[in-house]
Amino acid sequence: MEDIEAIAALQDPVRRRLYEYVVAQGREVGRNEAAEAAGVARTLAAHHLDRLTEAGLLESGSRRLSGRSGPGAGRPAKVYTRARVERAVSLPARDYRTAAELLAEAAEEAGLDAGLCAAARRRGEALRDPAAPCGDLAEAMEVLAARGYEPRLEDTGEAASPVVRMRNCPFHAVAERFPPLVCGMNLALLEGLLGREGPLRARMDARPGECCVVVEDSKNHID
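Predicted model only: the values in this text are computed from it and were never measured.

Caption draft 1: How the structure looks around the pattern of salt bridges. Counted according to the given criterion, the structure contains 17 salt bridges. Here Glu210 and Arg152 are joined by a salt bridge, their closest N and O atoms 2.7 Å apart. Of this pair, Glu210 sits in the loop between strand S6 (200-204) and strand S7 (213-217) while Arg152 sits in strand S4 (residues 151-154); the two residues are 58 residues apart in sequence, bridging distant segments of the chain. The class for Arg152 is buried, based on a relative accessible area of 18%.

The following block contains the structure:
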């Protein structure tokens, strides 16, 4: 019931806009910023942000948005980030996570990493749309967004072109328990989805709280 109530909290259009904005930033967001982005008054934004926190969809904290400390720095402001807890609803209830964890545990114990990656790569190739291949990072981001990865461009600050990082791992719950196995599977899946011989490549570059894989132009890579 908690998951149903949490997801139901997004039925309000203003609340949903605020939630989607906070999620898209990938950082702490203050009430003023969220209100401006959603086009509503600060007091209304605060009400909805707190409701989202009560529902477990956001987490809240406080910090000085000025970046200063000490006298004259001002009072800490309330800030919000997306909650790391996953929400899912199925009627009647289903427990796919336990099945996935049991299969991952068995695969890891049996040393089936290579077979799993091969199957994931084939699945990625089957999911690829031959009529709309990913020719550049913008097209790749559309494909990744449709699969829930929440991609964003990150400037490397070097001569190389930007890379696509992903704020969300669709396999997060299982990856936390079996990181080498599941991250390897994820990489293989994206290799199949994007193509291994095309203009793009997927590679491992894990960061806390994000997907373990990044996507970049193949020309960035020098063997």
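Caption draft 2: Region of the structure containing helix H6 (residues 113-127). For H6, built from 15 residues, the straight-helix expectation of 21 Å at 1.5 Å per residue is met to within 8% by its first-to-last C-alpha distance of 21 Å. For H6, the set of buried residues is Cys117, Ala120 and Gly124. With its buried residues spanning 60° around the axis, H6 presents them on a single face. For H6, exposure combined with an orientation more than 90 degrees from the buried face picks out Arg122, Arg123 and Ala126.

Caption draft 3: Spatial organisation of the sheet that holds strand S2 (residues 58-63). Taking strand neighbours across the sheet as the criterion, the 3 strands line up as S1-S3-S2 in an open arrangement whose pairing is antiparallel. Looking at which strands have only one partner, the edges of the open sheet turn out to be strand S1 (29-30) and S2. Direction of pairing for S1 relative to strand S3 (residues 77-82): antiparallel, over a ladder of 2 bridges. Residue pairing in the sheet places Gly30 in a bridge with Val79 of S3. Against the sheet, helix H4 (residues 42-54) makes contact with S2 and S3, and its axis sits at roughly 50° relative to S3, the strand it touches most.

Reading the values: the criteria
- Residues numbered from 1 in each chain as written.
- Predicted model: local features only at pLDDT ≥ 70, side-chain atom pairs only at ≥ 80, totals over all residues.
- Heavy atoms only, no water.
- Salt bridge = Lys/Arg side-chain N within 4 Å of Asp/Glu carboxyl O.
- Helix = DSSP H or I, 4+ residues; strand = E, 2+ residues; numbered from the N terminus.
- Buried < 20%, exposed > 50% of the residue type's maximum accessible area, 1.4 Å probe, protein only.
- Expected span 1.5 Å × (residues − 1).
- Arc of directions from axis to C-beta.
- Pairing = 2+ DSSP bridges.
- Contact = heavy atoms within 4.5 Å.
- Axes fitted to C-alpha atoms, helices over the stretch in contact; angles between N-to-C directions.

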